[in-house]
Amino acid sequence: MRILVVEDDKDVAGFVTKGLREAGHTVEHAGNGRDGLFLAASEAFDAIVLDRMLPGGVDGLRLLETLRAQDNKVPVLFLSALGQVDDRVKGLKAGGDDYLTKPFAFSELLARVEALIRRGKGEGPTTRLAVGDLEMDLLSRTVRRAGQKIDLQPREFRLLEYMLRHGGQVVTRTMLLEGVWDYHFDPQTNVIDVHVSRLRQKIDKPFGTSLIHTVRNAGYMLRAEAE
Amino acid sequence: MRAAGRRWLRARHARAPRPYLLRSAGVRFAFLYAMVFGASALALALFLWWATAGLLDRQVQAAINADAQGLAERYHEGGLPALVATIQNRLAQNVDDNAIYLLVDAALHPIVGNLTEWPAQVTQPNSWFELPVTRAGIESLARMHRYDLLGGFHLLIGRDVKARAKLRALLTDGLLWALGVMVGLGFAGALLIRGVFRAALADVSATAMAISGGDLSHRVRRSGRGDEFDRLAETINDMLDRIARLMDGVRQVSNAIAHDLRTPITRARARLEDAAAHAECAEDLRAAIERATVDLDGVVGVFQALLRIAEIEAGARRSAFAPLDLAPLLADLAELYVAVAEEQGVRLVLDAPAPLPLLGDRELIQQAVANLLDNALKFSPPGGEIRLQGRRLNGSVPGSVEVVVADAGPGIPAEDREHAMERFFRGETARDTPGSGLGLALVQAVSQLHGGVLRLEDNAPGLRAVLMLPAKTENAA
């Protein structure tokens, strides 16, 4: 996938571009807002990682607003040292799709960018999700694995749905907390781990092979063993 | 510091462009008072003048005009002899002896009248004159009008106004004296106003000077009269109290930051340095780096919590207030935490009958309650019970909603409870558990933002944290 990184700090930019390239993406880098806007407007990208505060007269918010005014719908992840709630709201209002506060773990950035790219592809409304022999019917709200019906609590259902929608991708604990529970803070206790482990009890344990995998220092990934 | 403050103040004065006197608001008010007083006094004097001296003047003119009209008619009917006869007649009948007539021919020789000769100053035809005249040997003042008749005759009609002039002089004197007295009174009043003004502001000014000089304990004295100045003093004192509290907070926090953040940073630094010097293989190095990263993440977490508390305390988030129901919010949180609790062998009991309407920031209340639950879980012994309770209070504090998180852990000793909400405070029992010591500080900040109270009570055994928030009322918005 083609990703544009607009970031003025050389170290952070190098760290991000290197990591994204290692994850198999093609990365372009712009060191200021003007170049970033030029690249974003003239070429096609699958996602943009955008710093809020940029030199060169065009800051991240202005860049994005200009881009959105041109009806450019490329998914954008804000990367910012401004971590206040109002800053996040401002970023999302300007047309940002996600917001990550500095300092950040690269695994979090990668997981979020890949989730954005997937969302940007716009698969349209689906009624059925599947990974391996695990199937979810969104209309009848039933889950089956290897043809066998599994009973899930409503929250477990939403947790599994989120993981299925991001099948084959890393989902971090923060992403789950935001996406499934709509909470925007970090609990001190390992609440998410406990919920995932309960889900495992139901969809993995009785079947021998695991679909939910723990990714070290990052989060979880739902994928069939064969992939 | 104090001297520097003074110098700064003086520098500001030096820059002021206005002259000294106008720089004082007291002088300006006093000046305004004197102006208004003077203007009304002047208006009164003018009216008096118009009503007395002016009236007399107008009466004299009216009499002369009436006289002239009568004589003109006579002259028109009977010519010169009739006119002369009429004038003689009028002079004879003039009891007050104040009428003046003089009829002269073209060469200014007197024909009839009570003036001996035509006054030299009277040259302009058909106009008014006020001249000194000598009548029967007596010096006097007369107001006269000159009429030019057909046939080259000139007629002078006037009235003796000596008595009136005397009255006018008397009046002018009186008014001038009164004006002098008024100026004096105005000045005295102005001084008085300035004095009152200065006295009222002197304490405010002295307090401000002391504060800018670095003495934050100074307060404005209240007169106790409950007037505008008292209210101003009260407002200023409230403001100073708040500033002092904030300053204390800042001082406390910066001390705590210096102390509490140094520890994990030192640890991370030591790990990295040690690994750089002694690691024998890439595996060791990687492990050390990862552990240092975890330490740094901890530091970042503390920073974020601090910033969040600061953001809440600044009150900027009040714009995000919206009506919300606390009952489903608590149910959702209980649902999130019940799994962790069970994992630890702790029972989490929810008791929150709907509805619990509230005006507030959903995200912050969620985080506050989550912090309380985090704490309760951290200190709960296996087999213990945590109660998450939400209820409306209709008793002593009407219109509030209470969230109670009660655990059966070691609790907080009574003497520590007051400090438990301060940033970075960690009780003896909490020394060995992970945590930043910021959880309760954030809950406290959230409760204050909502105009509520956070109370820590003894659950015998354990801790009972009570977060009281004002319920949604009409004027709460």
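Residues numbered from 1 in each chain as written. Chains lettered and ligands numbered in written order. Predicted model: local features only at pLDDT ≥ 70, side-chain atom pairs only at ≥ 80, totals over all residues.

Let us look at the overall build of chain A. Helices and strands together make up the secondary structure of chain A, namely 8 helices and 12 strands. A sequence separation of at least 24 residues applies to 58% of the contacts in chain A between residues at least 6 apart. (Helix = DSSP H or I, 4+ residues; strand = E, 2+ residues; numbered from the N terminus. Contact = placed C-beta atoms within 7 Å.)

Scanning chain B for helices and strands turns up 11 helices and 12 strands. Sorting the 477 residues of chain B into buried and exposed places 24% on the buried side. By sequence separation, contacts in chain B at least 24 residues apart represent 60% of the contacts at least 6 residues apart. (Buried ≥ 20, exposed ≤ 12 C-beta atoms within 10 Å, placed from the backbone.)

Next up on the list: helix α2 (residues 33-42) of chain A. All names here are of chain A. Where α2 is concerned, the buried positions are G33, G36, L37 and A40. The arc that holds the buried residues of α2, viewed along the axis, is 95°, so those residues lie on one side. On the buried face of α2, the contacting elements are β1 (2-6), β2 (26-30), β3 (47-51) and α3 (60-69). (Arc of directions from axis to C-beta.)

Quick look at the sheet that holds strand β6 (residues 128-131) of chain A now. Residue and element names in this part refer to chain A. In spatial order, the strands read β6-β7-β8-β9; together these 4 strands make up an open sheet with antiparallel pairing. Of all strands in the sheet, those with a lone pairing partner are β6 and β9 (148-150), marking the two edges. The mean angle between the axes of side-by-side strands here comes to 25°, regardless of whether they run parallel or antiparallel. Those strands touched by helix α6 (residues 154-165) are β6, β7 (134-137) and β8 (142-145), and its axis lies near 70° from that of β6. (Pairing = 2+ DSSP bridges. Axes fitted to C-alpha atoms, helices over the stretch in contact; angles between N-to-C directions.)

With that out of the way, let us pick up the sheet that holds strand β2 (residues 110-113) of chain B. Residues and elements named next belong to chain B. Taken in spatial order, the 5 strands make up an open sheet running β2-β1-β5-β4-β3, and their pairing is antiparallel. Across the chains shown, the open sheet's two edge strands, defined by having one partner strand only, are β2 and β3 (128-135). Neighbour to neighbour, the strand axes of the sheet diverge by 30° on average, direction disregarded. Here 8 bridges tie β3 to strand β4 (residues 138-148), and the two strands are oriented antiparallel to one another. Pairing of P132 across the sheet is with L141, part of β4.

What follows covers the interface of chain B and chain A. Counting residues at the interface gives 19 residues for chain B and 18 residues for chain A. Contributions of two or more residues to the side of chain B that touches chain A are made by α7 (282-313), α8 (326-343) and α9 (362-379) of chain B. Residue composition of the side of chain B that touches chain A, grouped by class: 9 nonpolar, 4 polar and 6 charged. (Nonpolar A, V, L, I, M, F, W, Y, C, P; charged D, E, K, R; others polar.)

Okay, the pairing of β2(B) next. Residue and element names in this part refer to chain B. Note: strand β1 (residues 99-104) against β2, 3 bridges, orientation antiparallel. Note that in β2 the partner of L102 across the bridge is G113. Where β1 folds back onto β2 in an antiparallel hairpin, the turn is made up of 5 residues, including L108, whose phi is positive at roughly 65°.

Our next topic: the packing of α2(A) against α3(A). Residue and element names in this part refer to chain A. The interhelical angle for the contact between α2 and α3, taken along N-to-C directions, is 20°, at an axis separation of 10 Å. Taken together, the axes of α2 and α3 are roughly parallel relative to one another. The two elements α2 and α3 meet at a crossing, and its hand is right-handed. The residues of α3 that touch α2, namely those facing G33, G36, L37, A40 and A41, are R62, L63, T66 and L67. Partitioned by chemical class, the residues of the contact of α2 with α3 number 5 nonpolar, 3 polar and 1 charged. (Parallel < 35°, antiparallel > 145°, perpendicular 65-115°, else oblique. Left-handed = near helix turned anticlockwise from the far one by under 90°.)

Residues and elements named next belong to chain B. Looking at chain B as a whole, the pLDDT averages 81, with 90% of positions reaching at least 70. By mean pLDDT, helix α1 (residues 2-15) is the weakest element of chain B at 48, and strand β7 (residues 347-351) is the strongest at 92. Model confidence for the complex: the whole-complex pTM is 0.63, and ipTM, which rates the interface, is 0.82. (pLDDT = per-residue confidence, 0-100.)

Another aspect to go through is unusual backbone geometry. Glycine aside, the phi torsion of most residues is negative, and most peptide linkages are trans. The amide bond that connects A:K102 to the next residue, A:P103, takes the cis arrangement and shows omega of -5°. B:A460 connects to B:P461 through a cis peptide bond whose omega is -5°. The residue B:P461 is located in the loop between β11 (453-458) and β12 (463-470) in this model. Phi is positive for A:D182, which is not a glycine, with a value near 60°. Within the secondary structure, A:D182 sits in the loop between α7 (173-179) and α8 (191-203). Of note, A:N217 is a non-glycine position whose phi angle comes to about 60°, a positive value.

The next thing to look at is the nonpolar core. With 111 residues, the main nonpolar core has A:I48, A:L50, A:L77, B:Y337, B:L373 and B:V405 as its most contacted residues. If we ignore the near neighbours within four places in the chain, the residues touching B:V405 are B:L372, B:L373, B:A376, B:I386, B:L388 and B:A465. (Core = buried A, V, L, I, M, F, W, Y, C linked by C-beta atoms within 7 Å.)

Another aspect to go through is helix α6 (residues 228-278) of chain B. All names here are of chain B. An ideal rise of 1.5 Å per residue puts 75 Å on 51 residues; α6 measures up with 73 Å between its terminal C-alpha atoms. The principal kink in α6, of about 30°, is found at R262, preceding the proline P264 by one to four residues. Of the positions making up α6, those classed as buried are A233, D260 and A268. (Expected span 1.5 Å × (residues − 1). Bend = angle between axes of the 7 residues up to and from the residue.)

Let us now look at the environment of B:M182. All names here are of chain B. Relative to the elements of secondary structure, M182 occurs in helix α5 (residues 162-212). On the neighbour-count criterion, M182 (19 C-beta atoms within 10 Å) is partly exposed. For the pair M182 and A41, spaced 141 residues apart in sequence, the C-alpha to C-alpha distance is 7.2 Å.

As a further point, take the environment of B:Q366. Here B:Q366 is to be found in helix α9. Its 22 C-beta neighbours within 10 Å are what place B:Q366 among the buried residues. Separated by 40 residues in the primary sequence, B:Q366 and B:L326 place their C-alpha atoms 9.3 Å from one another. Look past the residues within four positions of B:Q366 in its chain and what remains in contact with it is A:Y183, B:L329 and B:L333.

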